[in-house]
Amino acid sequence: MSIHGFSFPTPIQFGAGARTRVAKHLLDHGLKRPLIVTDRALGALPVLAEFKTHLAGLDVAVFSGVYGNPTCSQVMDGAAAYKAHNADCIIGFGGGAALDVAKVVGIAATHEGDILEYVWDHPNVRPITQPLPYFVALPTTSGTGSEVGRSSVVSENDTHLKRVVFSPKILARIVFADPELTLGLPAHVTAATGMDALTHNIESYLSPAYHPLCDGIALEGARIAAAALVTAVKEPGNLQARSDMMMASMMGAIAFQKDLGAVHSCAHALGAVCDLHHGLANALMIDTVMAWNLPSAPAK
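All of the points below concern the structure found in this document. Keep in mind it's a predicted model, so treat the numbers as computed, not measured. (Residues numbered from 1 in each chain as written. Predicted model: local features only at pLDDT ≥ 70, side-chain atom pairs only at ≥ 80, totals over all residues. Heavy atoms only, no water.)

## What to know about the overall build of the protein
And step 1. Within the protein, the regular secondary structure consists of 10 helices and nine strands.
And step 2. Its C-alpha atoms give the protein a radius of gyration of 18 Å, near enough to 19 Å, the size a compact globule of 300 residues would have.
And step 3. Each principal axis of the C-alpha atoms in the protein carries an extent, and together these give about 55 × 50 × 35 Å.
And step 4. Taking all contacts inside the protein whose residues are at least 6 apart in sequence as the whole, residues at least 24 apart take part in 75%. (Helix = DSSP H or I, 4+ residues; strand = E, 2+ residues; numbered from the N terminus. Rg over C-alpha atoms; globule rule 2.2 N^0.38 Å. Contact = heavy atoms within 4.5 Å.)

In structure tokens, the structure reads:
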């Protein structure tokens, strides 16, 4: 498979082996001390160790303190790790939780206050005034599309209420979307994350908001995910199916800048109350919500 380069709006290197281009990219930008932000499980798996073999010439530190639905305290711990390493850039490596934390570690590392003070609906929301660390993203699941998103969802430590930091400033400078990083995903994780990607595309298309550009992306993303998801679950080594799901995941995240819907509203509540995987919560809700929405959008 070849590697393709494009921007929408984030520059994306897409294809098997894209992960091998990270070190050169950072060195070309004068960056030498990355902090890898990843989750606890990935931090102990060979996939991270293999990725680090491609980072010759860099002084690398790893923060693997992300687990479950990411919390504000995990962000602040990541910021402390960034400062302790005297890092000059951040590599987000993982699924949606790790990438959401990675996107805002830079805020906490360069700005005063708790990360909760930067959520969009805080009564005295702090502005992002300082330049943020250079941030690159490598997704290891095909679900959230967080690598191309301009929001980060983190939970309050005590209430588990999900809060959103939203700003174009937290977009990755470049995404290295390498489907080989998803080959080791267990079937149940492939299924749950894949349902998240499919739901993003379906909900953004069905939203009554006006955005024909996103509608086109969402329709094609839904088509790709519907055709590839079962194969990716049943044939975990099928690189074409893995590639298709990674693309559908990014397309869903691009499309949902239009809007999402009641599936996600319910899924976020289920995630907070029951600590469910977000993709599984979407899968539990989508049939019911689509039936409920049918009278309001019969043509779509």
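Having seen it, we continue.
## Some points on the environment of K52
And step 1. As for its placement among the helices and strands, K52 is situated in helix α3 (residues 46-52).
And step 2. Along the chain, K52 and T20 lie 32 residues apart, while their C-alpha atoms are 9.5 Å from each other.
And step 3. Look past the residues within four positions of K52 in its chain and what remains in contact with it is I36 and V62.

## Observations concerning the layout of surface pockets
And step 1. Looking at the second largest pocket, its volume works out to about 180 Å³.
And step 2. Taken together, 15 residues line the second largest pocket, and the ones lying closest to its centre are E203, L206, S207, G261 and N293.
And step 3. Those elements that place two or more of their residues in the lining of the second largest pocket are α6 (187-206), α9 (262-274) and α10 (278-293).
And step 4. With four residues, the single largest contributor to the lining of the second largest pocket is α10.
And step 5. For the lining of the second largest pocket, a count of residues per class yields 10 nonpolar, four polar and one charged. (1 Å grid on protein atoms, 1.4 Å probe; cavity = no way out; pocket = protein on both sides within 12 Å on 5 of 7 lines; lining within 4 Å. Points joined across faces, edges and corners; volume = space filled by probe spheres on them. Nonpolar A, V, L, I, M, F, W, Y, C, P; charged D, E, K, R; others polar.)

## Describing unusual backbone geometry
And step 1. The phi angle at N86 is positive, at roughly 55 degrees, despite the residue not being glycine.
And step 2. With respect to the helices and strands, the residue N86 is situated in the loop between α4 (72-85) and β5 (89-94).
And step 3. Positioned with a positive phi, D275 is a non-glycine residue whose angle comes to about 55 degrees.
And step 4. One can find D275 in the loop between α9 and α10.

## Regarding the nonpolar core
And step 1. Among the nonpolar cores identified, the biggest contains 62 residues, and V37, I107 and I115 are the most heavily contacted of them.
And step 2. In terms of residue count, helix α8 (residues 239-255) provides more of this core than any other element does, 10 residues in total.
And step 3. If we ignore the near neighbours within four places in the chain, the residues touching I107 are I115, Y118, I128, L132, V165 and I170.
And step 4. Counting 20 residues, the second-largest nonpolar core is a separate cluster that includes L26, F51, C89 and L138. (Core = buried A, V, L, I, M, F, W, Y, C linked by side-chain atoms within 4.5 Å. Buried < 20%, exposed > 50% of the residue type's maximum accessible area, 1.4 Å probe, protein only.)

## Description of the side chain of H85
And step 1. Within the element layout of this structure, H85 appears in helix α4.
And step 2. Of note is the side chain of H85, whose polar atom sits 3.0 Å from the backbone oxygen of D59. (Polar contact = N/O pair within 3.5 Å; in protein donor to acceptor, adjacent residues only side chain to side chain.)

## Some thoughts on α6
And step 1. Its 20 residues give α6 an end-to-end C-alpha distance of 28 Å, which sits within 8% of 28 Å, the value for a rise of 1.5 Å per residue.
And step 2. Of all the 20 residues making up α6, 15 are buried; the element is thus mostly covered by neighbouring parts of the structure. (Expected span 1.5 Å × (residues − 1).)

## Section: empty space enclosed by the protein
And step 1. Taken as a whole and assessed by the stated rule, the structure comprises one cavity of 30 Å³ or more.
And step 2. Considered as a void within the structure, the largest cavity measures approximately 60 Å³ in volume.
And step 3. Contributing to the lining of the largest cavity are S142, T182, L185, T190, T193, G194, L229, A232, R242 and M245.
And step 4. Taken together, the elements giving at least two residues each to the lining of the largest cavity come down to α6, α7 (212-234) and α8.
And step 5. With three residues, α6 is the single largest residue contributor to the lining of the largest cavity.
And step 6. Tallied by class, residues from the lining of the largest cavity come to four nonpolar, five polar and one charged.

## What about α4?
And step 1. Over its 14 residues, α4 runs 20 Å from end to end, which matches the ideal 20 Å to within 8%, given 1.5 Å per residue.
And step 2. For α4, the full list of buried residues reads C72, Q74, V75, G78, A79, Y82 and H85. The buried residues of α4 occupy one face: seen down the axis, they fall within an arc of 160 degrees. Summarising the geometry of α4, the exposed residues directed more than 90 degrees from the buried face are K83 and A84.
And step 3. In this structure, the buried residues of α4 make contact with β3 (34-39), β4 (61-66), β5, α5 (96-110) and β7 (151-155).
And step 4. Backbone geometry just downstream of α4 places N86 in the positive-phi region, at approximately 55 degrees. (Arc of directions from axis to C-beta.)

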